[in-house]
Amino acid sequence: MMHDRTGPTQAQMQQMAESVVAKLPQEFRAQMGEIVMRVEDFATAEQLESVKLSSKWELTGLYEGVALTERSVWESHRMPARIWLFRQPLIAEWRETGVRMDDLVRHVVIHEAGHHFGFSDDDMHWLEDQAD
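Residues numbered from 1 in each chain as written. Predicted model: local features only at pLDDT ≥ 70, side-chain atom pairs only at ≥ 80, totals over all residues. Heavy atoms only, no water.

Here the focus is the environment of E93. On the secondary structure map, E93 appears in helix α4 (residues 87–97). C-alpha of E93 to C-alpha of E58: the two residues are 35 residues apart in sequence and 9.6 Å apart in space. Not counting residues up to four positions away in its chain, the partners in contact with E93 are T60, G98 and L104. (Helix = DSSP H or I, 4+ residues; strand = E, 2+ residues; numbered from the N terminus. Contact = heavy atoms within 4.5 Å.)

This brings us to the pairing of strand β1 (residues 36–40). Along β1, the buried face is formed by M37 and V39; none of V36, R38 and E40, which line the opposite face, is buried. As defined by bridge partners, β1 adjoins strand β3 (residues 82–86) across 5 bridges and the pair is classed as parallel. By the bridge assignment for β3, R38 is matched with W84. (Buried < 20%, exposed > 50% of the residue type's maximum accessible area, 1.4 Å probe, protein only. Pairing = 2+ DSSP bridges.)

So, about the packing of aromatic side chains. For the structure shown, the criterion picks out 3 aromatic pairs. We note K56 situated over the ring of F42; from NZ or CZ to the ring centre the distance is 4.3 Å. (Phe/Tyr/Trp six-rings, centres within 6.5 Å; stacked < 30°, edge-to-face > 60°. Lys NZ or Arg CZ within 6 Å of the ring centre and 35° of its normal.)

Strand order in the open sheet formed by 3 strands is β1-β3-β2, with mixed pairing between adjacent strands. Both outer strands of the open sheet, β1 and β2 (61–64), are each paired with one neighbouring strand and no more. Strand-to-strand twist across the sheet, computed as the mean angle between neighbouring axes with direction ignored, equals 15°. Packed onto the sheet, helix α1 (residues 10–22) meets β1 and β3 and runs at close to 145° relative to β1. (Axes fitted to C-alpha atoms, helices over the stretch in contact; angles between N-to-C directions.)

In this section: the packing of α1 against helix α5 (residues 101–117). One way to put it is that α1 packs onto α5 with a least axis distance of 9 Å and a crossing angle of 60°. Compared by their axis directions, α1 and α5 come out oblique. Here α1 runs over α5; the crossing is right-handed. Here M13, M16, A17, V20 and V21 of α1 lie close against α5, whose contacting residues are M101, D102, V105, R106, V109 and I110. (Parallel < 35°, antiparallel > 145°, perpendicular 65-115°, else oblique. Left-handed = near helix turned anticlockwise from the far one by under 90°.)

Within the secondary structure layout, Q14 lies in helix α1. Once you skip the residues sitting within four places of it in the chain, Q14 turns out to touch M37, R38 and V39.

Another aspect to go through is the pattern of salt bridges. Evaluation of the coordinates by the stated rule reveals 4 salt bridges. Its salt-bridge partner being D102, residue R100 comes within 2.4 Å of it at the nearest N-O pair. For R100, a relative accessible area of 52% translates into the label exposed. Bridged by salt links that share partners, the residues R100, D102 and D103 form one connected network. (Salt bridge = Lys/Arg side-chain N within 4 Å of Asp/Glu carboxyl O.)

In this section: the packing of α4 against α5. Orientation of α4 relative to α5, taken along the N-to-C sense of each, is 130°, at an axis distance of 10 Å. In terms of orientation, α4 and α5 fall into the oblique class. Crossing of α4 against α5: the hand is right-handed. Residue-level inspection shows L90, I91, E93 and W94 of α4 in contact with α5, the latter providing M101, L104 and V108. Across the contact of α4 with α5, the residue classes break down as 6 nonpolar, no polar and 1 charged. (Nonpolar A, V, L, I, M, F, W, Y, C, P; charged D, E, K, R; others polar.)

Below you can see the structure in the form of structure tokens.
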């Protein structure tokens with residue numbers, strides 16, 4: 001897929017992310033059906049501001065939505081939750097660390113999916129272990 005250090009295309013990274021979700025345990029996949037997964041080169045200024053970051057190079061992924069644990073039965077007409085992966089910061093991390101790109105994408109997707117479930121960091125590590 002990547003023969004040099006240019007990194008994956010947006011389409012290739014999207015495919016990697018979808019592969020991660022496909023490997024999650026069924027009980028989690030079933031609850032992620034509404035999530036829209038998108039790959040962009042960088043976060044927008046508004047997305048950076050929402051997590052109190054100033055550099056577009058600092059954010060590799062973002063969950064936008066209401067966690068399942070915080071939803072109300074009275075809510076309706078909600079936009080679907082989104083998981084964003086930011087390609088250029090992921091490529092920069094891949095180059096700097098030498099960690100395999102698919103492992104980086106896996107980590108970010110599972111971390112952001114964890115926000116959807118209202119998980120703690122420990123729960124997210126457990127979910128990552130389950131996705132093997």
